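Now for the letters of each chain:
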Amino acid sequence: MRHFNVMHHMMAKAATIWSKETGIDRNPADAVEVKRPDDQRDRHLDAEEIESVKAALDEKMYRKAAKGINQTFFRLRLIVLIALTTGMRIAEIFGLKWSDLLYGEELIAVGAKLKGGKMRYVPMPPELAAEFKRYPVIFGEDRIFPPEPGAKRERQRVDKSFETILDLAGIKNFRFHDLRHTFASWYLMNGGDLYELAKILGHSNIKMTERYAKLAKSHIARTGSTAREMWRLMEGKKREQLQGAV
């Protein structure tokens with residue numbers, strides 16, 4: 001894994017320096033599916049945990065001591081919502097450009113291309129499209145999440161701020177990458193197709209996707225898209241709070 005990270009960084013620099021000469025403006029290493037030692041774990045958020053995460057993100061987005069938006073958690077909020085409702089990897093999210101958002105088609109073009117040069121797409125539900133539209137555009141910057149000031153070698157992490165959200169939501173034994181597992185799990189639990197899921201996740205081998213197949217057998221399939229179901233779950237707690245206040 002350490003050797004891959006070194007290669008990934010070197011190729012990212014090369015793509016930046018020689019993009020005009022080669023026509024490659026994205027890191028080719030993003031297309032490599034890295035199998036981590038603990039990537040086979042089955043941890044994903046259940047319905048109540050999804051609601052808790054969304055509530056924690058909404059709460060931390062606003063500053064308590066002063067009025068206004070907490071930019072760190074405003075940024076994290078959108079990153080988490082993307083991962084939860086599209087299954088994208090953290091590196092793919094950080095590589096997103098505004099030009100990758102295909103509003104008319106309700107799709108997001110993922111930077112890492114598949115074998116044969118084919119572009120990969122993930123669904124962009126209307127609710128997520130609305131979140132993108134409210135997020136500020138940095139003048140002269142096409143990337144949605146450019147490296148924050150002071151970031152070394154363009155490395156971007158969300159570990160510390162994400163742990164804050166997990167603590168606030170009361171969730172244990174969870175990593176950011178498990179948001180990808182959560183999307184995949186709910187996709188199949190809502191009647192999704194295994195082969196379509198493989199395309200969305202960008203798996204080069206269907207065997208990598210088959211780990212989620214058992215979830216489809218133990219749940220009754222529901223109608224509607226997975227992304228819309230995810231948003232319904234996240235908004236459930238807010239509706240209950242509003243009803244309780246009446």
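Details of the structure are given in the entry above.
These remarks concern the structure in this document. (Residues numbered from 1 in each chain as written. Predicted model: local features only at pLDDT ≥ 70, side-chain atom pairs only at ≥ 80, totals over all residues. Heavy atoms only, no water.)

### Concerning the pairing of strand E2 (residues 107-110)
Logical step 1: In terms of strand pairing, strand E1 (residues 101-102) meets E2 through two bridges, oriented antiparallel. Among the inter-strand pairings, Leu102 is bridged to a residue of E2, identified as Leu107.
Logical step 2: Taken together, E1 and the strand that follows it, E2, pair antiparallel across an intervening segment of four residues, in which Glu106 is found at a positive phi of about 55°.
Logical step 3: Of the strand pairs in this sheet, E2 and strand E3 (residues 120-123) are connected by four bridges, and their pairing is antiparallel. Note that in E3 the partner of Val110 across the bridge is Arg120. (Pairing = 2+ DSSP bridges. Helix = DSSP H or I, 4+ residues; strand = E, 2+ residues; numbered from the N terminus.)

### Section: the environment of Tyr62
Logical step 1: Mapped onto the elements, Tyr62 comes out in the loop between helix H3 (47-60) and helix H4 (71-86).
Logical step 2: A relative accessible area of 43% means that Tyr62 is categorised as partly exposed.
Logical step 3: In this structure, Tyr62 is in contact with Gly68, Ile69, Asn70 and Arg134, ignoring residues within four places of it in sequence. (Buried < 20%, exposed > 50% of the residue type's maximum accessible area, 1.4 Å probe, protein only. Contact = heavy atoms within 4.5 Å.)

### So, the sheet that holds E1
Logical step 1: Strand order in the open sheet formed by three strands is E1-E2-E3, and the pairing between neighbours is antiparallel. If you trace the sheet from one side to the other, it starts and ends with E1 and E3, each paired once.

### So, the packing of H4 against helix H8 (residues 178-189)
Logical step 1: Here H4 crosses H8 at 35°, and the two axes come no closer than 6 Å. Contact residues: Val80, Ala83, Leu84, Thr85 and Thr86 in H4; Leu179, Thr182 and Phe183 in H8.
Logical step 2: Its residues placed into classes, the contact of H4 with H8 shows five nonpolar, three polar and no charged. (Axes fitted to C-alpha atoms, helices over the stretch in contact; angles between N-to-C directions. Nonpolar A, V, L, I, M, F, W, Y, C, P; charged D, E, K, R; others polar.)

### Here we look at the packing of aromatic side chains
Two aromatic rings, taken as a pair, are described by how far apart their centres are and by the angle between their planes.
Logical step 1: The final tally for this structure, using the stated rule, is six aromatic pairs.
Logical step 2: Ring centres of Phe74 and Tyr135 lie 5.4 Å apart, and the angle between their planes is 40°; this geometry places the pair in the tilted category. Of this pair, Phe74 sits in helix H4 while Tyr135 sits in the loop between helix H6 (126-134) and helix H7 (159-169), and the two are 61 residues apart along the sequence.
Logical step 3: With a relative accessible area of 11%, Tyr135 lands in the buried category. (Phe/Tyr/Trp six-rings, centres within 6.5 Å; stacked < 30°, edge-to-face > 60°.)

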